[in-house]
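Coordinate analysis (summary)
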Amino acid sequence: MSIRGTCYDNSYGQLFNYDHLAQLLCKQSLSLMNVDTFIDLACGTGLLLSKLNRLFQGQLVGVDVSPIQLQHARDRVQIATFVEADLFKLSSCNTMADMPDAFAHIGAAFFNTLIQADRIRLLNELQGTKCIKWLAFEIQNEDNQKLFVEGRWYTRQLSNGIL
């Protein structure tokens, strides 16, 4: 694994409870949204997908711009599908256009690094991505948390900070 991937997995990956997050996301995507495809946007080394692999019976998809991180993710979760793509250009990605309706997730490690204008630009891009029907993301400012449901954005505030 690359130094960067190792650093992430051994620092933030250890501080954050990915088992708990996987349980929440699985419960939301299966129980609330009734979808068979889960997409981890900016999946990195596939840490979350590896946890979901034990809980989620549907198709797992990881998307990342880094081919190195995607290789680590492939090694970690052989059963998942991986797509090398820029999240800011995802709506024009042919691989994503052919996917069934999906529940997508963006982790805080990526989303919180963006300035507000880029967060809005990314959310608008994801809204235009055909297969993404539901979106969950973690962000430190709860006022900015949104859930994309059937073509509309809804503002929600949850105590656990996860939609």
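Residues numbered from 1 in each chain as written. Predicted model: local features only at pLDDT ≥ 70, side-chain atom pairs only at ≥ 80, totals over all residues. Heavy atoms only, no water.

1. A word on the overall build of the chain
Looking only at helices and strands, the chain features eight helices and seven strands. In the chain, buried positions account for 49% of the 163 residues. Taking all contacts inside the chain whose residues are at least 6 apart in sequence as the whole, residues at least 24 apart take part in 58%. For the chain, the accessible surface area stands at approximately 8,400 Å², while carbon and sulfur atoms represent 49% of it. (Helix = DSSP H or I, 4+ residues; strand = E, 2+ residues; numbered from the N terminus. Buried < 20%, exposed > 50% of the residue type's maximum accessible area, 1.4 Å probe, protein only. Contact = heavy atoms within 4.5 Å. Areas by Shrake-Rupley, 256 points an atom, 1.4 Å probe, with all protein chains shown as cover.)

2. Focus: helix 5 (residues 67-76)
Since there are 3.6 residues in each turn of an α-helix, residues three or four apart along the chain are aligned in direction. The complete set of buried residues in helix 5 reads Gln69, Leu70, His72 and Ala73. Each buried residue of helix 5 sits inside an arc of 160° when the element is viewed along its axis, so together they form one side. (Arc of directions from axis to C-beta.)

3. Observations regarding the pattern of salt bridges
With the rule as written, the count across this model stands at one salt bridge. The partner of Asp118 in a salt bridge is Arg121, and the shortest N-O contact between them spans 3.5 Å. Of this pair, Asp118 and Arg121 both sit in helix 8 (residues 116-127), three residues apart, which is roughly one turn of the helix. (Salt bridge = Lys/Arg side-chain N within 4 Å of Asp/Glu carboxyl O.)

4. Side note on helix 8
For helix 8, spanning 12 residues, the distance from its first C-alpha to its last is 16 Å, which sits close to the expected 16 Å at 1.5 Å a residue. Every buried residue belonging to helix 8 is among Arg119, Leu122, Leu123, Glu125 and Leu126, and all of these are buried. Buried residues of helix 8, seen end-on, are gathered within an arc of 160° and therefore sit on one face of the element. (Expected span 1.5 Å × (residues − 1).)

5. Brief notes about the environment of Leu52
Relative to the elements of secondary structure, Leu52 occurs in helix 4 (residues 47-52). Leu52 gets classed as buried once you look at its relative accessible area, which sits at 0%. In this structure the C-alpha to C-alpha distance between Leu52 and Phe38, which are 14 residues apart in sequence, comes to 9.0 Å. When neighbours within four sequence positions are excluded, Leu52 is seen to be in contact with Ala22, Cys26, Phe38 and Leu60.

6. Notes on the nonpolar core
Ile39, Leu41, Val63, Leu90 and Met96 are the most contacted members of the largest nonpolar core, which totals 24 residues. In this view, Leu41 contacts Val63, Leu87, Leu90, Ala104, His105, Ile106, Gly107, Leu126, Ile132 and Leu135; residues no more than four positions away in its chain are not counted. Ranked by size, the runner-up nonpolar core spans 22 residues in total, among them Tyr18, Leu49, Ala73 and Phe82. (Core = buried A, V, L, I, M, F, W, Y, C linked by side-chain atoms within 4.5 Å.)

7. Things to note about the environment of Ala104
Within the secondary structure, Ala104 is located in strand 4 (residues 102-106). As for Ala104 and Thr37, which are separated by 67 residues in sequence, their C-alpha atoms are 8.4 Å apart.

8. A word on the sheet that holds strand 3 (residues 81-84)
Taken in spatial order, the five strands make up an open sheet running 3-2-1-4-5, and their pairing is parallel. Whereas interior strands pair on both sides, the edge strands pair on one side only; in this sheet they are strand 3 and strand 5 (132-137). Between one strand axis and the next, the sheet turns by 20° as a mean value, whatever way the strands run. Running at roughly 180° to strand 3, helix 5 makes contact with strand 2 (59-64) and strand 3 of the sheet. (Pairing = 2+ DSSP bridges. Axes fitted to C-alpha atoms, helices over the stretch in contact; angles between N-to-C directions.)

9. Describing the confidence of the model for the chain
The predicted model of the chain averages 76 in pLDDT, with 71% of residues at 70 or higher. In the predicted structure, residues 10-15 sits below a pLDDT of 50 and forms eight contacts with residues beyond four places in sequence or in another chain. Confidence drops under pLDDT 50 across residues 141-163; counting only partners more than four residues distant or on other chains, this segment forms 62 contacts. (pLDDT = per-residue confidence, 0-100.)

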